[in-house]
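The lines below spell out each chain.
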Amino acid sequence: MTPIIEAKNLTKQYGDVVTVDRVNFKVEENKIYGLLGRNGAGKTTIMHMLTAQQFVSSGEIRVFGELPFENNNVLERICFIKESQKYPDNFTVRDVLDTAADVYRNWDRAYALSLVEKFELPLKRQVKKLSRGMLSAVGIIIGLASRAPLTIFDEPYLGLDAVARQMFYDSLLADYAEYPRTVLLSTHLIDEVSNLLEHVLLIDGGKLLIDEEAEALRGRVYTVSGPKAAVEVFASGRKVLDSQSLGGMIQMTIENGHSDELGQDEAEALGLSVTPVSLQQLCVSYMKRHTVSNKEGK
Amino acid sequence: MNRISAVIRMQLRKKLLVFAMPWLILGSSFVVNLLIAMTSPMPDGEGFYTGGIASIFVYLLIQGIITPIQTFPFTLGLGIHRSDYYWGTALATTYILFLFSLGLFLLSIIEGTWTDHWGVDLHFFDLPYWSDGSLLNRWWNPFALLLNQFWLGFMISSFFKRFGKTGMLIATIASIVIGTLGLYIVSYQNWWPSIGEWFSNRTMAEITLWTLPVTFVFAALSKLFVRRTTL
Amino acid sequence: MGPSMDDNRPIFVQIAERIEDDIIEGTLLEEAQAPSTTHIAAFYRINPATAAKGVNLLVDEGILYKKRGIGMFVATGARQIAVNKRKEQFYEQYIITMIREAQRLGITTDQLKEMIQKGESN
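Residue positions are counted from 1 within each chain, in the order its sequence is given. Chains and ligands are labelled sequentially in the order written, the chains with letters from A and the ligands with numbers from 1. Reporting in this predicted model follows two pLDDT cut-offs: at least 70 for local features of residues, and 80 or more for side-chain atom pairs to be given and counted; totals over whole chains, interfaces and linings ignore these cut-offs and use all residues. Hydrogens and water are ignored here; the side-chain numbers use all heavy atoms of the structure.

## As for the overall build of chain B
Helix and strand definitions here come from DSSP, where helices need a minimum of 4 consecutive H or I residues and strands a minimum of 2 consecutive E residues; each element is numbered from the N-terminal end. Helix and strand counts for chain B stand at 7 helices and 2 strands. Along chain B, helices and strands appear, N-terminal first, in the series α-α-β-α-α-β-α-α-α. Judged by the C-alpha coordinates and their principal axes, chain B covers about 60 × 50 × 30 Å. Residues classed as buried in chain B amount to 43% of the 231 residues present. Across chain B, the fraction of contacts at a sequence separation of at least 24, relative to all contacts at a separation of at least 6, is 80%. Carbon and sulfur atoms make up 73% of the accessible area of chain B, which totals about 12000 Å². Counting rule for charge: Lys and Arg are taken as positive, Asp and Glu as negative, and neither His nor the chain ends is counted. Lys charges are placed at NZ, Arg charges at CZ, Asp charges at CG and Glu charges at CD. Between the mean site of the 14 positive side-chain charges and the mean site of the 10 negative ones, chain B shows a separation of 34 Å. Burial classification: accessible surface area is computed with a 1.4 Å probe over protein chains only, and a residue below 20% of its type maximum counts as buried, one above 50% as exposed, and the rest as partly exposed. In this analysis, two residues are considered to be in contact whenever any of their non-hydrogen atoms come within 4.5 Å of each other. The Shrake-Rupley method, run with a 1.4 Å probe sphere, supplies the accessible areas, and residue values consider only the shown protein chains as cover.

Here is the structure:
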């Protein structure tokens, strides 16, 4: 089956600055993907290229098996919600939703209105007079009610409080369960979404660091702490992502070599203290290591 | 739903702003002129001539500039093709301007034929030269000129979106240089009399017909700029 | 996120365990309908595919079975299967660990038995 998205050596360059560097990945149908990474890591550029809002410098990106530029076959099946989306100044919330209803084939008007109520959006208010959080809610409603086969959310929650964000995650899960589709969720609030994701793509400095099933990442990385000598003996021959020492004690972040290896058990048997690492911490230690190796390379 | 029609519906969504605003401006200019004509009539036979009608053309120039700024990023964000945006906007604008020119046509007939210049010899919609010739000219002249102004504005704006501040600066300087050079050559070669003669030998309808290829070039360039514009 | 998940192990395993808990405790009876993956996903705030994976794990073990077009049901004998599985885990997790620690501290098997009896009477 054709992947929903396929990036081959995808590169974006502005003069000498490379913001996306030979990235390869595939996105399969009806899964929720997390596109994770710091601000400026290249996430937004990738999403702009796959929606043809920016041009590819080299390599290619195919969406639904086709090149997206000026391709209605592709664009009609995508809904891309981004934090920086602009709306016409004089448009009210209702105008924006009516326009979206004209554009998206699977638009569900009743569902959109139920979300408007849920997020307490004033339909008659001009979009430019909305608070930051309400503006985010407009994007979230469009993204959910469009039911587009490929729905992309780029940091869609700016200005939303924890309760409203939870409402977004819950609505996304419920609607996704009923109307499966491919979702690409770009975020830096990794802990909040880690359980929603089926697959994780981690981008740092324009490079793809992780491309894996979220479940496979669980338990792969952990921290071991204890007396320096003992931890170092345990760590030798293992992949150490990060280490911090305090006096005679040391804490190391360690990655298991292959999927069935359980370094945690061995460490515990050695009397070392083991703590699991969340997806967010895992991403942070990957990015830290990437930054360090970049500096060493230069 | 077809995406071109989605763009058309979007461009026409703010009915009050799209249809009423320019007429409100034109209307207030008209009312001021009418009041002046009523309170301080000109000496016999002179008549009260005003260029207030120009406001709607200036409005359309500004509308042309504002349109891509306001609606293009929105439609691009909704995943609408650049060319669907372009054609939808072009069709919506043609429709709006057709109605506007029809309005100007009617008003010029009301003014010139039915009300005898509102009884106060005010020439606001029915102007010499502008309204000369066939009755159809009273529709055609404003239609062609409104289109011309809109696309001039749209082209400038989409050029700016495509090439940014630097591009805009270069283009401005270039057009000033070329314009000055052109004027200099015309003066140097002493072409002014023949140019004047050319214009005076043409009716307004002929001149507005000549704006058509120019408008077409504006529109074609706009398409080119929009096609290569990113966010 | 929802009722919290342990970061160290795959979520689907934890989901399977929670359903087993309900079966062992009797809140979910044999031949009763099990919660749907959609419900599980919404309740625990997890990806529905992950919830489905947890449910399928129990199907493979004969604890749940699928009625076409209706949903998942608890199999007859499911409680016994789950209890047996837990007994094995209990042996691995507690007994082995306990014996290892006892050996380290020099506790004999008899002393261990005594300690267990003492613990029970408390």
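From this point on, the discussion continues.
## Let's talk about the pairing of strand 6 (residues 150–154) of chain A
Residue and element names in this part refer to chain A. Most of strand 6 is tucked away, with 5 of its 5 residues classed as buried. Burial of the side chains of strand 6 extends over both faces: L150, I152 and D154 are buried on one face and T151 and F153 on the other. Two strands qualify as a pair provided DSSP detects at least 2 bridges between them. Direction of pairing for strand 5 (residues 78–82) relative to strand 6: parallel, over a ladder of 5 bridges. Each residue of the ladder has a partner; that of I81, found in strand 6, is F153. Here 5 bridges tie strand 6 to strand 7 (residues 182–187), and the two strands are oriented parallel to one another. Across the sheet, the residue bridging to T151 is V183, located in strand 7.

## Considering the sheet that holds strand 6 of chain A
All names here are of chain A. An order of 5-6-7-3-8-9 is seen for the 6 strands of this open sheet, with the pairing classed as mixed. The open sheet has two edge strands with one neighbour each: strand 5 and strand 9 (207–213). Looking at each pair of strands side by side, their axes are set apart by 15° on average, direction ignored. As paired strands, strand 3 (residues 32–36) and strand 8 (residues 199–204) are joined by 4 bridges and run parallel to one another. Its bridge partner lying in strand 8, L35 is registered against L201. Along the sheet face, helix 6 (residues 162–178) touches strand 3, strand 6 and strand 7 and points at about 165° away from the line of strand 7. Interaxial angles span 0 to 180 degrees and are taken between N-to-C directions of axes, which are lines fitted to C-alpha atoms, for helices over the stretch in contact.

## Digging into helix 6 of chain A
Expected helix span is given by 1.5 Å per residue-to-residue step, counting one fewer step than there are residues. Spanning 17 residues, helix 6 of chain A covers 24 Å between terminal C-alpha atoms, matching the ideal 24 Å at 1.5 Å per step. Along helix 6 of chain A, the residues classified as buried are A:A164, A:R165, A:Q166, A:F168, A:Y169, A:S171, A:L172, A:L173, A:D175 and A:Y176.

## A short note on the confidence of the model for chain B
All names here are of chain B. Think of pLDDT as the predictor's per-residue confidence, scored from 0 to 100. Averaged over all residues, the pLDDT of chain B is 89; the fraction at 70 or higher stands at 97%. Least confident of the elements in chain B is strand 1 (residues 48–49), whose mean pLDDT is 84; most confident is helix 1 (residues 3–11), at 94. Among the scores for the predicted complex, ipTM is 0.85 and pTM is 0.85.

## Thoughts on the pattern of salt bridges
Salt bridge, as used here: a side-chain nitrogen of Lys or Arg that lies within 4 Å of a carboxyl oxygen of Asp or Glu. Within the structure shown, the criterion is met by 30 salt bridges over all chains. Residue A:D175 is joined to A:R147 by a salt bridge in which the shortest nitrogen-to-oxygen separation is 2.8 Å. Taken together, the positions of A:D175 in helix 6 and A:R147 in the loop between helix 5 (132–145) and strand 6 put the pair 28 residues apart, joining distant regions of the chain. Considered together, A:D175 and A:R147 belong to a single accessibility category, that of buried residues. Here C:R104 ties to C:E101 by a salt bridge, and the two come within 3.1 Å at their closest N and O atoms.

## Remarks on the interface of chain B and chain A
Between chain B and chain A, the contact holds 25 residues from the first and 28 residues from the second. Summed over both partners, the interface of chain B with chain A comes to about 2700 Å²; 53% of that surface belongs to carbon and sulfur atoms. Take the accessible area each of two parts loses on contact, using a 1.4 Å probe, and add the two losses: that sum is the buried area. Looking only at chain B, the three residues that lose the most surface to chain A are B:R3, B:R13 and B:F74, adding up to 23% of its buried area. Between the two partners, chain B and chain A, sit 3 salt bridges. Residue A:D102 pairs with B:R9 through a salt bridge whose shortest N-O separation is 2.6 Å. Here a polar contact is taken to be a pair of N or O atoms separated by no more than 3.5 Å, where protein atoms must pair a possible hydrogen donor with a possible acceptor and residues adjacent in sequence count only if both atoms sit in side chains. Counting the contacts that link chain B with chain A gives 13 residue pairs in polar contact (both at pLDDT 80 or more). Contributing elements (two or more residues each) for the side of chain B that touches chain A: helix 1, helix 3 (54–77) and helix 4 (82–114) of chain B. The element best represented in the side of chain B that touches chain A is helix 3 of chain B, accounting for 6 residues.

## Here we look at the sheet that holds strand 10 (residues 221–227) of chain A
All names here are of chain A. What the 4 strands build is an open sheet, ordered 11-12-10-13; its pairing is antiparallel. The sheet terminates laterally at strand 11 (239–246) and strand 13 (273–276), the two strands that pair on one side only. Between one strand and the next, the sheet's axes are offset by a mean angle of 20°, whatever the strand orientation. Lying over the sheet, helix 9 (residues 228–235) contacts strand 10, strand 11 and strand 12 (249–255), oriented at roughly 145° with respect to strand 10.

## So, the interface of chain C and chain A
Each partner contributes residues to the interface: chain C has 19 residues there, and chain A has 20 residues. Carbon and sulfur atoms supply 52% of the area buried between chain C and chain A, which totals about 1700 Å² over both sides. Where chain C meets chain A, there are 1 salt bridge. At the junction of chain C with chain A, the criterion picks out 5 residue pairs in polar contact (both at pLDDT 80 or more). Secondary structure elements with two or more residues in the side of chain C that touches chain A: helix 1 (11–25), helix 2 (37–44) and helix 3 (48–60) of chain C. Broken down by class, the residue content of the side of chain C that touches chain A amounts to 9 nonpolar, 5 polar and 5 charged. Polarity classes work like this: nonpolar for Ala, Val, Leu, Ile, Met, Phe, Trp, Tyr, Cys and Pro, charged for Asp, Glu, Lys and Arg, and polar for all others, with Gly in that last group.

## Here we look at the environment of A:G37
Residues and elements named next belong to chain A. Locating G37 in the fold gives a position in the loop between strand 3 and helix 1 (43–50). Overall, G37 belongs to the buried group, its relative accessible area being 4%. Once the C-alpha coordinates of G37 and T187 are considered, the two residues, 150 residues apart in sequence, prove to be 7.3 Å apart. Residues in contact with G37, not counting those within four places in the same chain, are K43, T187, H188, L202, I203 and M287.

## A look at the side chain of B:S158
Structurally, B:S158 is set in helix 5 (residues 137–188). There is a polar contact of 2.8 Å between the side chain of B:S158 and the backbone oxygen of B:F154.

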